[in-house]
2 protein chains.
Amino acid sequence: MNPNILRHPGPTPIPKKVELAMAQDMISHRTEEFVKLYQETTHRVKPIFGTKQDILLLPSGGTAALEAAAVNTVSPGEEVVVITVGAFGDYFVSICEKYGFHVHKLAKNWGEACTEEDLTEFLKPLSNIKAVFATYNETSTGILNPINQLGKVVRTHTEALFIVDGVSCIGGAPAEMDEWGIDILVTGSQKAMMLPPGLSLLSVSERAWKVIEANPTPAYYLNLLSYREWASKGMTPNTPAISLIMGLSAVCDLIEEEGGFVKTIERHEVMKSMVREAMKALSIGLLTSDEFASPTITAIRTPEGLELPSFLEHLKKKYHLDLAGGLGHLQGKIFRFGHMGYCFPSDILEAVSLIEAGLQDFSYLFEHGAGVRAAQKVFLSTLSK
Amino acid sequence: MNPNILRHPGPTPIPKKVELAMAQDMISHRTEEFVKLYQETTHRVKPIFGTKQDILLLPSGGTAALEAAAVNTVSPGEEVVVITVGAFGDYFVSICEKYGFHVHKLAKNWGEACTEEDLTEFLKPLSNIKAVFATYNETSTGILNPINQLGKVVRTHTEALFIVDGVSCIGGAPAEMDEWGIDILVTGSQKAMMLPPGLSLLSVSERAWKVIEANPTPAYYLNLLSYREWASKGMTPNTPAISLIMGLSAVCDLIEEEGGFVKTIERHEVMKSMVREAMKALSIGLLTSDEFASPTITAIRTPEGLELPSFLEHLKKKYHLDLAGGLGHLQGKIFRFGHMGYCFPSDILEAVSLIEAGLQDFSYLFEHGAGVRAAQKVFLSTLSK
């Protein structure tokens, strides 16, 4: 009877319609039914990526797809820039280093974004950069990097490919892969895409395909050329995550029901503002500025005087509200409130109320109800539009 | 209203209990609930592998786990033996060649097994072999290699690791990884394990861990040391396929309900004999000898005078019976009847009946009912035991 109110940065709750879609009769991946499912579904995902290119589906976590993006485009010893503003940017650095790339690391303090100016400055002394890697949404800090502007800088100042980790925001944040000059965009199933973990989605620009064709890839499972070859027949090189693809088709239905992807993005914007305004009203600090705040996850500073692990455990045990702690050196200093995918303004009201309840249990001094009131205000103002 | 009678070598039908287990509320992979699920479930899988070692769960297809087994143990230029008796053995050869191993290929004709003598003879002139790779169950031909005996040969004549692809039989065939001297055993979720595709399972001997510790692995996502490190805490290095692990727990329940794994293996043996005796009674040829016949899949020769693609398409369209064709040079010459996982003697009676119906539609001359009768006879004789 535990409701498990999962407000994590992923995995996130699964809509009932998606669960049921995934429980359809299993089909073989070498049949007409599968080809139809694959072709229709990948076609419907294109607007979410903002691309005319094909969407490739890998039966893997997002990490594997990021590794695929790296290992298919760059060879050991070649120079790359990795923009990192948190734990998942550092992850990307590790992948590149593991493969022996010559990594130029553009690191910002955790909680800050990488701006157009940062990147322009950083690129100045560099030449011969093969790829620039960036995180669109940094899950560890709740930063949404201005990826559109960064793409422009990469195009203007380099010949490099622009490879973007969109794992924790695609499906909840705007993406215009083609227009913004992104060469490879990667996401996972278990964040804003409303699916269980185990599927990664990826799209590759024509420019990047040319590089991939010329690059000897050591990987077998992650060989993108083989995915492209099979995708042209509506299939995958090895057994795909069939039930997740059935679920992805239902996700596309849900987005359509919502009124199209633009509406989905708007809902995420509303939820973001609700969380932020609620915390401000409670005089609880936010890690990031409004300007670069993520629409899918908010990093909240530990309320003064609170012992964070006990507070989070209390919320989980007593109210079944599951929030995430901080990562790395932010452990104990922030907690993270996920608001992506199958999450609605009503869920934000619920979670803010429960946080307030928990604060009262810990005898934290604040005006009871102020957080919920601020969140309501944001919500109601968007409804009257 | 299409019943989709899926008698493929995988993916295979999913039990309702497993579907429902996978539709449980999503949980985070960094919680106590997950740790409990992970530890209990992997513990329960050990008898299926016949090992005391930990079972590692990778969010990937079986191919990736095979690649992990190769790339974590062997370095480019090192010598390996790959036993191949069909398309999936050749797959293993490709993986090894992709990584620049020096491959000694022990190839048998498709439809034959690799015997103890074959391997002993092959190993004689070789020294300095780092690993011997073998397919336990060759999906393309329905051969079950005598992996127990092959393990003994590897141990007696070499210092090599013995790495086994058990993808299309583990869960439906006996496995005694520790006793048989298997150093890495790999399987996938979507075959005899009764789950949708997207999870691979793998276990590593202590001997193999020592080799892995000393071997610089280029892989990141497939780095087994990192899986081991996290498994010691009941977790995985990146987001696991949580819903599939929930389903795996239900699979363990079902096997328990059946009376334990020994009973599950017995059922597969019965189904194998039912299919084989039915085809013999219809005077339709089998690709393999009884001695090395797979308990999970049977390769059946095209009935004389039949145009195979039309016949299979007819069975699919008219009777919703989905059988698999042949691979490689066996295309058109054989079809493959999968009888693994969530499949029962009653399913074999149904499928054999439908095959007979299809043969009648094609005016194939045979004694109507003879196949079903033979299958019934096998079935009834096992019930009276």
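From a predicted model like this one, the values you see are computed outputs, not experimental measurements. (Residues numbered from 1 in each chain as written. Chains lettered and ligands numbered in written order. Predicted model: local features only at pLDDT ≥ 70, side-chain atom pairs only at ≥ 80, totals over all residues. Heavy atoms only, no water.)

Draft legend 1. Structural view of the interface of chain A and chain B. With 51 residues of chain A at the contact, the number on the chain B side is 51 residues. Of the roughly 3,800 Å² buried between chain A and chain B on both sides combined, carbon and sulfur atoms contribute 56%. The largest per-residue losses of area from chain A upon contact with chain B belong to Met26, Tyr220 and Tyr221 of chain A, which jointly make up 19% of the total buried on that side. Counting across the interface, chain A meets chain B through two salt bridges. Put simply, lysine 316 of chain B and glutamate 33 of chain A hold a salt bridge, and the shortest N to O gap is 2.9 Å. Along the contact surface separating chain A from chain B lie 13 residue pairs in polar contact (both at pLDDT 80 or more). Among the secondary structure elements, those contributing two or more residues to the side of chain A that touches chain B are helix H2 (32–49), helix H3 (62–71), helix H4 (87–98), helix H9 (242–258) and helix H11 (308–319) of chain A. Broken down by element, the residue count for the side of chain A that touches chain B peaks at four residues, all from H4 of chain A. Taken together, the residues of the side of chain A that touches chain B break down into 23 nonpolar, 19 polar and nine charged. (Contact = heavy atoms within 4.5 Å. Buried area = accessible area lost by both parts, 1.4 Å probe. Salt bridge = Lys/Arg side-chain N within 4 Å of Asp/Glu carboxyl O. Polar contact = N/O pair within 3.5 Å; in protein donor to acceptor, adjacent residues only side chain to side chain. Helix = DSSP H or I, 4+ residues; strand = E, 2+ residues; numbered from the N terminus. Nonpolar A, V, L, I, M, F, W, Y, C, P; charged D, E, K, R; others polar.)

Draft legend 2. Region of interest: the pairing of strand E8 (residues 161–165) of chain B. Residues and elements named next belong to chain B. Within E8, five of the five residues are buried, which leaves the element mostly enclosed by the surrounding structure. Judged from the five bridges that link them, strand E5 (residues 129–135) and E8 form a sheet pairing that is parallel. Note that in E8 the partner of alanine 131 across the bridge is leucine 161. Inspection of the sheet shows E8 paired to strand E9 (residues 184–188) by three bridges, in the parallel sense. Each residue of the ladder has a partner; that of aspartate 165, found in E9, is valine 186. (Buried < 20%, exposed > 50% of the residue type's maximum accessible area, 1.4 Å probe, protein only. Pairing = 2+ DSSP bridges.)

Draft legend 3. Quick peek at the sheet that holds strand E10 (residues 200–204) of chain B. Residue and element names in this part refer to chain B. With mixed pairing, the seven strands of this open sheet are ordered in space as E2-E10-E9-E8-E5-E3-E4. Two strands bound the open sheet, and with one partner strand each, they are strand E2 (55–58) and strand E4 (102–107). Neighbour-to-neighbour, the strand axes of this sheet turn through a mean angle of 20°, independent of strand direction. With six bridges joining them, strand E3 (residues 79–84) and E4 adopt parallel strand pairing. When the bridges of E4 are listed, valine 81 appears paired with histidine 104. Running over the sheet, helix H3 (residues 62–73) touches E2, E5, E8, E9 and E10 and is turned about 160° from E9. Along the sheet, helix H5 (residues 116–123) contacts E3 and E4; its crossing angle with E4, the most-contacted strand, is approximately 145°. (Axes fitted to C-alpha atoms, helices over the stretch in contact; angles between N-to-C directions.)

Draft legend 4. Highlighting the UniProt feature "binding site: substrate" (unreviewed entry) in chain A. Residues and elements named next belong to chain A. Here the UniProt-annotated "binding site: substrate" (unreviewed entry) positions come out as Arg336. Relative to the helices and strands, arginine 336 resides in strand E14 (residues 334–338). On the basis of relative accessible area, arginine 336 is assigned to the buried category, the value being 6%. Setting aside residues no more than four positions away along its own chain, arginine 336 makes contact with Arg7, Pro9, Thr139, Ser140, Ile297, Thr298, Ala299, Leu323, Ala324, Gly325, Gly326 and Leu327. (UniProt positions renumbered as here; feature names shortened; annotations may be inferred.)

Draft legend 5. The relation of the copies chain A and chain B, seen in detail. Note on the copies: chain A fits chain B at an RMSD of 0.0 Å, the axial shift is 0.0 Å, and the rotation between them is 180°. On the angle and the small slide along the axis, the relation comes out as a two-fold axis. Every residue of chain A has its C-alpha some distance from the rotation axis, and the shortest such distance is that of serine 60 of chain A, at 2.4 Å. Most of the interface of chain A is mirrored in chain B, where 100% of its interface residues are also at the interface. (Least-squares fit on C-alpha atoms with pLDDT ≥ 70 in both.)

Draft legend 6. Spotlight on the UniProt feature "modified residue: N6-(pyridoxal phosphate)lysine" (unreviewed entry) in chain A. All names here are of chain A. Taking the numbering used here, the UniProt-annotated feature "modified residue: N6-(pyridoxal phosphate)lysine" (unreviewed entry) corresponds to Lys191. Within the secondary structure layout, lysine 191 lies in the loop between strand E9 (184–188) and strand E10 (200–204). The class of lysine 191 is buried, set by a relative accessible area of 8%. What lysine 191 contacts, discounting residues up to four positions off in sequence, is Pro9, Gly10, Thr12, Thr139, Val167, Ser168, Met340 and Gly341.

Draft legend 7. Region of the structure containing the packing of aromatic side chains. One pass over the structure, following the stated rule, counts 20 aromatic pairs over all chains. For the ring pair tyrosine 342 of chain A and phenylalanine 344 of chain A, a centre distance of 5.4 Å and an interplane angle of 85° mean the geometry is edge-to-face. Ring centres 6.2 Å apart and planes at 40° place the aromatic pair tyrosine 364 of chain A and phenylalanine 366 of chain A in the tilted group. For phenylalanine 366 of chain A, a relative accessible area of 13% translates into the label buried. These aromatic residues form a ring-pair network of at least three members: Phe88 and Tyr91 of chain A together with Tyr220 of chain B. A cation over a ring is seen here: arginine 228 of chain A above tryptophan 209 of chain A, with NZ or CZ 4.4 Å from the ring centre. The lysine or arginine in question, lysine 233 of chain A, covers the ring of tryptophan 230 of chain A, its NZ or CZ lying 3.8 Å from the ring centre. (Phe/Tyr/Trp six-rings, centres within 6.5 Å; stacked < 30°, edge-to-face > 60°. Lys NZ or Arg CZ within 6 Å of the ring centre and 35° of its normal.)

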